[in-house]
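Structural features, examined
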Amino acid sequence: QVQLVESGGGLVQAGGSLSLSCAASGSFSSINVMAWYRQAPGKQRELVARITSGGRTNYVDFVKGRFTISRNNAENMVYLQMNSLRPEDTAVYYCNANIVVFRDRGGMDYWGSGTLVTVSS
């Protein structure tokens, strides 16, 4: 069974930094795109950043220059380094990965259970 487990959330003051990690475990063939999403209270879940297996990255405008996504393919990990945090970054952050379980089938999206990031003003 494939699982994604996030870690690293917590409480930080505005202007501070946090680093999130996500580990994929279980039996699978490969991992395609990995991404971080977030969901603030009362709002829809939104994409924060994504990274391909080859290391190409995309960021949404509101985190460009502040957040950095990276991954370790050998360890099936994805990371999100968050700097210059703002109160509006407060949300539950979710790890997402498109994982190929069987080589002759397409990838499927998996989600972690989320980790809370709270930024105080």
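Further up the page is the structure itself.
Definitions and cut-offs
Residues numbered from 1 in each chain as written. Predicted model: local features only at pLDDT ≥ 70, side-chain atom pairs only at ≥ 80, totals over all residues. Heavy atoms only, no water. Disulfide = S-S within 2.5 Å. Helix = DSSP H or I, 4+ residues; strand = E, 2+ residues; numbered from the N terminus. Buried < 20%, exposed > 50% of the residue type's maximum accessible area, 1.4 Å probe, protein only. Salt bridge = Lys/Arg side-chain N within 4 Å of Asp/Glu carboxyl O. 1 Å grid on protein atoms, 1.4 Å probe; cavity = no way out; pocket = protein on both sides within 12 Å on 5 of 7 lines; lining within 4 Å. Points joined across faces, edges and corners; volume = space filled by probe spheres on them. Nonpolar A, V, L, I, M, F, W, Y, C, P; charged D, E, K, R; others polar. Phe/Tyr/Trp six-rings, centres within 6.5 Å; stacked < 30°, edge-to-face > 60°. Lys NZ or Arg CZ within 6 Å of the ring centre and 35° of its normal. Pairing = 2+ DSSP bridges. Axes fitted to C-alpha atoms, helices over the stretch in contact; angles between N-to-C directions.

1. Considering the state of the cysteines
Evaluation of the coordinates by the stated rule reveals one disulfide. For Cys-22, the disulfide goes to Cys-95, at an S-S distance of 2.1 Å. One quick way to see it: the torsion about the S-S bond of Cys-22 and Cys-95 is about -80°, and its sign makes the bridge left-handed. With Cys-22 in strand S3 (residues 18-25) and Cys-95 in strand S9 (residues 91-100), this residue pair connects regions lying 73 residues apart in the sequence. What makes Cys-22 buried here is its relative accessible area of 0%.

2. With respect to the pattern of salt bridges
On inspection of all chains with the given rule, the structure shows four salt bridges. For Arg-38, the salt bridge identified is with Glu-46, shortest N-O distance 2.9 Å. Note that Asp-61 is salt-bridged to Lys-64, the shortest N-O span being 3.2 Å. The exposure class of Asp-61 is exposed, given its relative accessible area of 64%. Lys-64 gets classed as exposed once you look at its relative accessible area, which sits at 51%. Residues joined in a network through salt bridges with shared partners are Arg-38, Glu-46, Arg-66 and Asp-89.

3. Focus on the layout of surface pockets
Taken as a whole, the largest pocket spans an internal volume of roughly 150 Å³. Every residue lining the largest pocket is listed: Arg-38, Gln-39, Ala-40, Lys-43, Gln-44, Glu-46, Phe-62, Arg-66, Arg-86, Glu-88 and Asp-89. Residues belonging to the lining of the largest pocket are distributed by class as follows: two nonpolar, two polar and seven charged.

4. Examining the packing of aromatic side chains
Taken as a whole and judged by the stated rule, the model has one aromatic pair. The ring of Tyr-94 carries the charged tip of Arg-45 above its face, separated from the ring centre by 3.7 Å. The aromatic ring of Trp-111 is capped on one face by Arg-45, whose charged end is 4.7 Å from the ring centroid.

5. Comments concerning the sheet that holds S3
For sheets, the rule is that strands pair by backbone hydrogen bonds, running either parallel or antiparallel. Taken in spatial order, the four strands of this open sheet run S1-S3-S8-S7, and their pairing is antiparallel. Lying at the two open borders of the sheet, with one neighbouring strand each, are strand S1 (3-7) and strand S7 (67-72). For this sheet, the mean inter-axis angle between neighbouring strands, taken without regard to orientation, is 15°. In this sheet, strand S8 (residues 77-82) lies alongside S7 in antiparallel orientation, the contact comprising six bridges. The residue bridging Phe-67 from the neighbouring strand is Met-82, located in S8.

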